[in-house]
Amino acid sequence: MANQITGKIHFIGDTIAIPSKDGSKTFYKRELVLNATMYNPYTGEPGTPNFPSIEFSGDKCNELDNLVPEQLVTVSYYLQGTKYMDKDGIERYFTKVRGYKVELSQRDIQSHIPPIQPQSNTNQARENDDLPF
């Protein structure tokens, strides 16, 4: 099962080139930040702000080329964890969220249809006043 998250694009970073320690290779990465804040379905009030940063690397950086802030997208990702020893010899861990696919989300068509405004009956009553019966 794929890990996915849906949200509005908040920020798209530039592609950053990082040379290897010996300078023989170059690693590329790019950041995507989503606004994935959940809203209360009954009140519409926003919950705790949620702005996850997702890193794309290598040829996956191109996945972000045609996207712009405020687009609603679904990002497929995996988690990558690393352990290391800090300077005091204590084992530490960090986790990266690595994106590999971005798809524009299909919004509910109903959300784009403006609500129907009830028409006033006063115009209809005036038209009916001219009727002979």
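The preceding data block contains the structure.
This report concerns the structure included in the present document. This one's a predicted model, so the numbers in the text were calculated from it and none came from an experiment.

1. Observations concerning the overall build of the protein
No. 1: Per the secondary structure count, the protein includes 1 helix and 6 strands.
No. 2: Of the regular secondary structure in the protein, the N- to C-terminal order runs β-β-β-β-β-β-α.
No. 3: Counting every position in the protein, which comprises 133 residues, the buried fraction comes to 20%.
No. 4: Excluding contacts between residues fewer than 6 apart, the proportion of contacts in the protein whose partners are at least 24 apart in sequence is 56%.

2. Quick look at the pattern of salt bridges
No. 1: All told, the structure shown has 7 salt bridges when counted by the stated rule.
No. 2: Here glutamate 55 makes a salt bridge to lysine 29, at a shortest N to O gap of 3.7 Å. One end of the pair, glutamate 55, is in strand 4 (residues 53-57); the other, lysine 29, is in strand 3 (residues 26-35), and 26 residues separate them in sequence.
No. 3: For glutamate 55, a relative accessible area of 14% puts it in the buried group.
No. 4: As a salt-bridge pair, aspartate 86 and arginine 92 come within 3.1 Å of each other at their nearest N and O atoms.

3. Regarding the pairing of strand 6 (residues 91-104)
No. 1: Note: strand 5 (residues 72-85) against strand 6, 13 bridges, orientation antiparallel. Each residue of the ladder has a partner; that of serine 76, found in strand 6, is lysine 101.
No. 2: Where strand 5 folds back on strand 6, the antiparallel hairpin that results is connected by 5 residues, among which glycine 89 adopts a positive phi of roughly 80 degrees.

What counts, and where the lines are drawn
Residues numbered from 1 in each chain as written. Predicted model: local features only at pLDDT ≥ 70, side-chain atom pairs only at ≥ 80, totals over all residues. Heavy atoms only, no water. Helix = DSSP H or I, 4+ residues; strand = E, 2+ residues; numbered from the N terminus. Buried < 20%, exposed > 50% of the residue type's maximum accessible area, 1.4 Å probe, protein only. Contact = heavy atoms within 4.5 Å. Salt bridge = Lys/Arg side-chain N within 4 Å of Asp/Glu carboxyl O. Pairing = 2+ DSSP bridges.

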